[in-house]
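Residues per chain, in single letters:
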Amino acid sequence: MGILTINEQQDGFLLDGRRFFYLGDTVWSAFTNISLEEWDYYLKKRKEQGFTVLQINTLPQWDRCLSDTGLYPFATADGQTFDFTKWNDAYYENAKNMCRMAVSYGFQLALVILWLNYVPQTWGSRLIGSNILPKGFVSEYAKRVAAEFDEFHPIYVISGDTDFDSPEAISYYETALDAVCSVSPDSLKTMHIRRGYDLLPEPFLDRIDFYMFQSGHNRDAQDMAYLLPQRMLAKYPKKPLINAEPCYEQMGYSRQVYGRFQAEDVRKAALSSLLSGACAGVAYGAHGVWNWNKLHKPLNPVLGEGFDAPFLWQDAIQFPGAWDYGWIRQFLESGNLLPLTPANELLANETAEIRMAKAPDHKYLLYVPRSTNICIRTELPNYFARAVELEQKRYAVLECTVHNGQTEIEMHPFARDAVIILERV
């Protein structure tokens, strides 16, 4: 089992000395909702699809689907409210079995310590405040998590979906980070923050190893996929960046707005982030997998952000976007396209939805959501262009014209989104 580290350039990860692409699946509810038989099938399928990291909540996910495993980290009468004075050792034994299985398939683990609803004065605990951890218990809990799971060399995600809008919330996360560091000083650590948020308090900046951001599930704010990495690169010391929660495939739009994100939407979120500075990797989510929806189980009355009903996990695990994300990883790695350096300043096209980045060996990569002629503000003689249509993975050779200090690329012939690779002849 290799140990994940940050590379010298501070733009990505290494595993056993080789560049590692973080392709995460958000399976937040795994430890409470998934049987070992289901887990084995899930691991096999996600391995086939090309995923490399599993993002899991070590506490019960507040808006998970209801389940029949009966496993919770603490005593509970209803599976919703917990007695933090009574540990359930069986929960941790089962969770560790799941981790062993995941590691045997070659996955890295990213384990969340404190999802926001367990922390006072966060947006989640203001909605539902029934399970706030006592402040004096935070250190004990975080140390127990690190002690139980450290054999698997996980990434520790100290916060989940949180904001830092009060001193009390910041203090909770500082306590948790101190506790994890005392047990596991050499592990990678990060913070998962809420949608559209780019604030990381000063006490955490030198103590976390990479940044997570969340472009999220609001229909009208999907530009966060490229705006957030731009902002974070400008504000903070250079470290790897991950879009740890883009829009989820077939998730209903946040706040009960009618409609669902399709495979094309999740592709757009991934590629927009990767070409805008967050090239260390990206996470994926399927609505029905992250919350693990089972047949004949009532939906959880806790709605979180107010999403439409999930699909059954057996259907959601086969959504086409999961295969698209695996293809993106393979495409970037096999084409020697990493790391990517944002280069949108070279684009003359007015829309910011087209994203452009420099790749090694004088290559350029563009993401084009809808076909249009591309104009680049520099002459690139002896370059040729290929477009890959992302729904069916068809290739097209495009004409490049160089004149008057510019390079023009003819529009690609596809009706859907595409990536364009520019490379020297």
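What you see is a predicted model, and the numbers here were worked out from it, not measured in a lab.

A. Quick peek at the overall build of the chain. Helix and strand counts for the chain stand at 11 helices and 24 strands. What you see for the chain is a C-alpha radius of gyration of 22 Å, in line with the 22 Å of a compact globule of 425 residues. The C-alpha extent of the chain, read off along each of the three principal axes, is 75 × 45 × 40 Å. The proportion of buried residues among the 425 residues of the chain is 60%. Within the chain, contacts between residues at least 6 apart in sequence are counted, and of these 71% link residues at least 24 apart. For the chain, the computed accessible surface area is about 16200 Å², with 49% contributed by carbon and sulfur atoms. Measuring between centres, the 40 positive side-chain charges of the chain sit 1 Å from its 52 negative side-chain charges.

B. Spatial organisation of helix α8 (residues 224-235). Taking 1.5 Å per residue, 12 residues should reach 16 Å; α8 reaches 16 Å between its end C-alpha atoms and fits that length. Among the residues of α8, M224, A225, Y226, L228, P229 and M232 are the ones counted as buried.

C. Representation of the packing of helix α2 (residues 36-49) against helix α11 (residues 320-334) in the model. The contact between α2 and α11 brings their axes to 8 Å, and the two run at 50°. As judged from the angle between their axes, α2 and α11 are oblique. From α2, K45, R46, E48 and Q49 reach across to α11, where they touch A322, W323 and G326. Broken down by class, the residue content of the contact of α2 with α11 amounts to 2 nonpolar, 2 polar and 3 charged.

D. Layout of the confidence of the model for the chain. Scored by pLDDT, the chain has a mean of 96; 99% of the residues are at 70 or more. The secondary structure element of the chain with the lowest average pLDDT is helix α4 (residues 123-127), at 92, and the one with the highest is strand β5 (residues 53-57), at 99.

E. Spatial organisation of the environment of Q55. Following the sequence through the fold, Q55 ends up in strand β5. For the pair Q55 and Q108, spaced 53 residues apart in sequence, the C-alpha to C-alpha distance is 8.9 Å. With residues up to four places along the chain from it excluded, the contact list for Q55 reads Y22, D25, T26, V27, W28, A110, M212, A244 and A283. A distance of 3.3 Å separates a polar atom in the side chain of Q55 from the backbone oxygen of A244.

F. Geometry of the nonpolar core. The biggest cluster of nonpolar side chains holds 132 residues, and the ones touching the most others in it are W39 and L114. A per-element tally of this core places helix α6 (residues 167-183) first, with 9 residues. When near neighbours in sequence (up to four residues on either side) are disregarded, L114 contacts L59, V119, L133, V138, Y141, I158, S159, G160, Y172, Y173 and A176. M356, A396, I409 and F414 belong to the second largest nonpolar core, which has 20 residues in total.

G. Quick peek at unusual backbone geometry. The omega angle of the peptide bond from L338 to P339 is 0°, so this bond is cis rather than trans. Note that P339 resides in the loop between α11 and β16 (341-342). Despite not being glycine, K393 has its phi angle at roughly 65°, a positive value. When you line up the elements, K393 lands in the loop between β20 (383-389) and β21 (395-398). Judged by its relative accessible area of 24%, K393 falls in the partly exposed class.

H. Highlighting the pairing of strand β23 (residues 406-409). Alternating positions in β23 separate cleanly, T407 and I409 being buried on one face and Q406 and E408 remaining unburied on the opposite face. Summarising the sheet, strand β19 (residues 374-376) and β23 pair through 3 bridges and their orientation is antiparallel. Looking at β23, one finds that C375 is bridged to E408. Linking strand β22 (residues 400-403) back to β23 in an antiparallel pair, the connection comprises 2 residues, with N404 at a positive phi of about 50°.

I. Layout of the sheet that holds strand β18 (residues 363-368). Taken in spatial order, the 6 strands of this open sheet run β16-β17-β18-β24-β20-β21, and their pairing is antiparallel. Bordering the open sheet on either side are β16 and β21, each of which pairs with just one other strand. With 4 bridges joining them, β20 and β21 adopt antiparallel strand pairing. What sits directly across from A385, in β21, is L398. Where helix α9 (residues 263-274) meets the sheet, it contacts β17 (355-359), β18 and β24 (418-424), and its direction lies at approximately 145° from that of β18.

J. Structural context of the sheet that holds β22. Across the sheet, 3 strands lie side by side as β19-β23-β22; this open sheet has antiparallel pairing. Looking at which strands have only one partner, the edges of the open sheet turn out to be β19 and β22. In this sheet, neighbouring strand axes are inclined to one another by 20° on average, regardless of whether the strands run parallel or antiparallel. As paired strands, β22 and β23 are joined by 4 bridges and run antiparallel to one another. Residue T401 lies in a different strand from β23, and its bridge partner there is E408.

Quick notes on the rules
Residues numbered from 1 in each chain as written. Predicted model: local features only at pLDDT ≥ 70, side-chain atom pairs only at ≥ 80, totals over all residues. Heavy atoms only, no water. Helix = DSSP H or I, 4+ residues; strand = E, 2+ residues; numbered from the N terminus. Rg over C-alpha atoms; globule rule 2.2 N^0.38 Å. Buried < 20%, exposed > 50% of the residue type's maximum accessible area, 1.4 Å probe, protein only. Contact = heavy atoms within 4.5 Å. Areas by Shrake-Rupley, 256 points an atom, 1.4 Å probe, with all protein chains shown as cover. Lys, Arg positive; Asp, Glu negative; His and termini not counted. Charge placed at Lys NZ, Arg CZ, Asp CG, Glu CD. Expected span 1.5 Å × (residues − 1). Axes fitted to C-alpha atoms, helices over the stretch in contact; angles between N-to-C directions. Parallel < 35°, antiparallel > 145°, perpendicular 65-115°, else oblique. Nonpolar A, V, L, I, M, F, W, Y, C, P; charged D, E, K, R; others polar. pLDDT = per-residue confidence, 0-100. Polar contact = N/O pair within 3.5 Å; in protein donor to acceptor, adjacent residues only side chain to side chain. Core = buried A, V, L, I, M, F, W, Y, C linked by side-chain atoms within 4.5 Å. Pairing = 2+ DSSP bridges.

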